[in-house]
Amino acid sequence: MTWQDYDTATSHFIASSDDPDLRLYLRAHHDAPERPPVLFVHGATYASRLYDVPHPGASWLKATAEAGYAAYALDIRGYGNSHVAGLGEKPYPYARGTDAVADITDAVRWLCQRHNRDQIGLVGGSWGSITTAMFASGPSGAQVAALVLYAPIFAEANAGWLSFLSDPSDPLAFNPAFDGARPVCEASTRDRWDAEIPAGEDWRDEAVFQALVQSSLSDDPSAAHRNPPAFLAPNGTLLDLWEAFNARPLYDPSRIACPTLLIRGGADTTSTRSDALALFDRLAATHKRYAELANGAHFASAERLGPQVFNIANAFLHDWVNP
């Protein structure tokens, strides 16, 4: 069987209140209106596919649905199936965190109306931990019954990322070469992922890797016209990461009062232990938990540890979002 055989999500397109030409994409599993909704928000590179890898046992979205929830994953503008015309020609980094919060706001409003609820469960990973934390700490934070931050990023200097993001001629400035979007191919994904996996370790299933990459390429109609095949990922996220990795926070954790869970892989060099614990200590939430999984990288949720990640998150959600 191919990845297409396991690509069984329901698709929803919703209007953007921010841009009349934009339709935001939500993928879903078991989305009956009587079920409590949980919304997943992706990170800087891979869109909602990362939460719904079309391979047996690899979909966090399906695992959440099987736990009794209506599980949804949003494509932020310019990502996945939330297509934006001329993305590759934009001269400036497209889709900052504030834009993502506007998209999350639209998705949460739609979900609350569809499911006749005042609150939802919210899960954000990597850059998505920043944008969901921005949402939860903002004026609509009361709509979050429980928050799960996977591979969380807060505000700690990160030399490795700063060397990638900085202007080669001025290390204190953001690299102006990052325009609207960047191409992401199989090789670049493999290199990034492998850098965190010790040599000789078998942390990842190649079939899961291929399902994630190939399904993501299929969401970009222009991907096959690039050599090698590559989908476009907006670069606005890189400006947000530039701020975070220069130890300049993009949100105030003391304004997050809802129950909050932090999960990270122990080998993750993007979401570091010290940064995650600094965030944990600053959260206003009375009910908060921190979980770290050894032998897991930044993409632990798509590695062999994936089911453990799913179970930890579902157990936490079950305490605060009644299925």
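Structure's up top.
Residues numbered from 1 in each chain as written. Predicted model: local features only at pLDDT ≥ 70, side-chain atom pairs only at ≥ 80, totals over all residues. Heavy atoms only, no water.

Asks: Explanation requested: the pattern of salt bridges in the structure shown.
Replies: Pairing between side chains becomes possible if they bear opposite charge and their charged atoms approach one another. Applying the stated rule across the entire model yields 19 salt bridges. In this structure, the salt-bridge partner of Arg-77 is Asp-18, at a minimum N-O distance of 3.0 Å. Here Arg-77 is found in the loop between strand 4 (70–75) and helix 2 (97–115), whereas its partner Asp-18 is found in the loop between strand 1 (10–15) and strand 2 (23–29), with 59 residues between them in sequence. Owing to a relative accessible area of 45%, Asp-18 belongs among the partly exposed residues under this scheme. Arg-49 is the salt-bridge partner of Asp-219, the closest N and O atoms lying 2.9 Å from each other. With Asp-219 in the loop between helix 6 (206–218) and strand 10 (230–234) and Arg-49 in the loop between strand 3 (37–41) and helix 1 (60–66), the pair connects residues that are 170 residues apart, well separated along the chain. Accessibility assignment for this pair places Asp-219 and Arg-49 in one class, buried. A single network of salt bridges, built from pairs that share partners, joins Asp-7, Arg-27, Arg-49, Asp-52 and Asp-219. (Salt bridge = Lys/Arg side-chain N within 4 Å of Asp/Glu carboxyl O. Helix = DSSP H or I, 4+ residues; strand = E, 2+ residues; numbered from the N terminus. Buried < 20%, exposed > 50% of the residue type's maximum accessible area, 1.4 Å probe, protein only.)

Asks: How do you make sense of the nonpolar core when you look at a structure like this?
Replies: Across soluble globular proteins, nonpolar side chains have a tendency to be buried as a group. Counting residues in each nonpolar core, the largest one holds 81 residues, and the members touching the most others are Leu-39, Leu-165 and Leu-241. Among the elements that line this core, the one with the most residues is helix 2, at seven residues. Aside from chain neighbours lying at most four places away, what touches Leu-241 is Ala-44, Ile-130, Ile-153, Trp-161 and Leu-165. In terms of nonpolar packing, the next biggest core, distinct from the first, is built from 28 residues, Ala-145, Leu-261, Ile-263 and Leu-293 among them. (Core = buried A, V, L, I, M, F, W, Y, C linked by side-chain atoms within 4.5 Å. Contact = heavy atoms within 4.5 Å.)

Asks: Help me understand the pairing of strand 9 (residues 181–185) in this model?
Replies: Two faces, one strand: in a regular strand the side chains alternate between the faces of the sheet. With four of five residues buried, strand 9 lies mostly within the body of the structure. With five bridges connecting them, strand 9 and strand 10 associate as antiparallel partners. What sits directly across from Cys-185, in strand 10, is Ala-230. (Pairing = 2+ DSSP bridges.)

Asks: I would appreciate a short explanation of the state of the cysteines in the present structure.
Replies: By definition, a disulfide links the sulfur atoms of two cysteines through a covalent bond. This structure, assessed with the given rule, holds zero disulfides. The structure places no disulfide on Cys-112, whose sulfur is separated from the nearest cysteine sulfur, that of Cys-258, by 13 Å. (Disulfide = S-S within 2.5 Å.)

Asks: Got a minute to help me understand the packing of aromatic side chains in this structure?
Replies: Considering all chains together, one arrives at 18 aromatic pairs under this definition. Arranged with centres 5.5 Å apart and planes meeting at 25°, the rings of Trp-161 and Phe-245 form a pair that is stacked. Here the residue Trp-161 occupies a position in helix 4 (residues 159–165), and Phe-245 occupies one in helix 7 (residues 236–245), the gap between them amounting to 84 residues. Comparing Trp-161 with Phe-245 shows no difference in burial state: the two are buried. Measuring from centroid to centroid gives 6.0 Å for Phe-174 and Trp-242, while their planes differ by 70°, and the two rings are edge-to-face. Placement of Phe-174 in strand 8 (residues 170–174) and of Trp-242 in helix 7 is noted, with a sequence separation of 68 residues between them. With relative accessibility at 16%, the residue Phe-174 sits in the buried group. Its relative accessible area of 5% is what places Trp-242 among the buried residues. (Phe/Tyr/Trp six-rings, centres within 6.5 Å; stacked < 30°, edge-to-face > 60°.)

Asks: Before we go on, may I ask you to explain the pairing of strand 10 in this structure?
Replies: By the criterion of burial, strand 10 is predominantly enclosed, with five of the five residues buried. Side chains of strand 10 alternate between two faces, with Ala-230, Leu-232 and Pro-234 and Phe-231 and Ala-233 buried alike.

Asks: Just to check I follow, could you spell out helix 3 (residues 127–136) for this structure?
Replies: The α-helix advances 3.6 residues per turn, and as a result positions three or four apart in sequence lie on the same side. Judged by how many residues are buried, helix 3 sits mostly within the fold: ten of ten residues are covered. Turning to helix 3, its buried residues are Trp-127, Gly-128, Ser-129, Ile-130, Thr-131, Thr-132, Ala-133, Met-134, Phe-135 and Ala-136. Those residues of helix 3 that are buried lie in contact with strand 3, helix 2, strand 5 (120–125), strand 6 (144–150) and helix 7.

Asks: Honestly, helix 8 (residues 273–282) in this entry has me stumped. Any pointers?
Replies: For helix 8, the complete set of buried residues consists of Asp-275, Ala-276, Leu-279 and Phe-280. One face of helix 8 carries all of its buried residues, which in axial projection span an arc of 140°. Buried residues along helix 8 sit against strand 6, strand 11 (260–265) and strand 12 (288–293). (Arc of directions from axis to C-beta.)

Asks: For this particular structure, what's the right way to read the side chain of Thr-64?
Replies: Among the structural elements, Thr-64 can be located in helix 1. Thr-64 sits in the buried class, given a relative accessible area of 0%. Those residues in contact with Thr-64 that sit more than four places away from it in its chain are Val-38, Phe-40, Tyr-69, Ala-71 and Asn-314.

In short, shape yes, function no, at least from these values alone.
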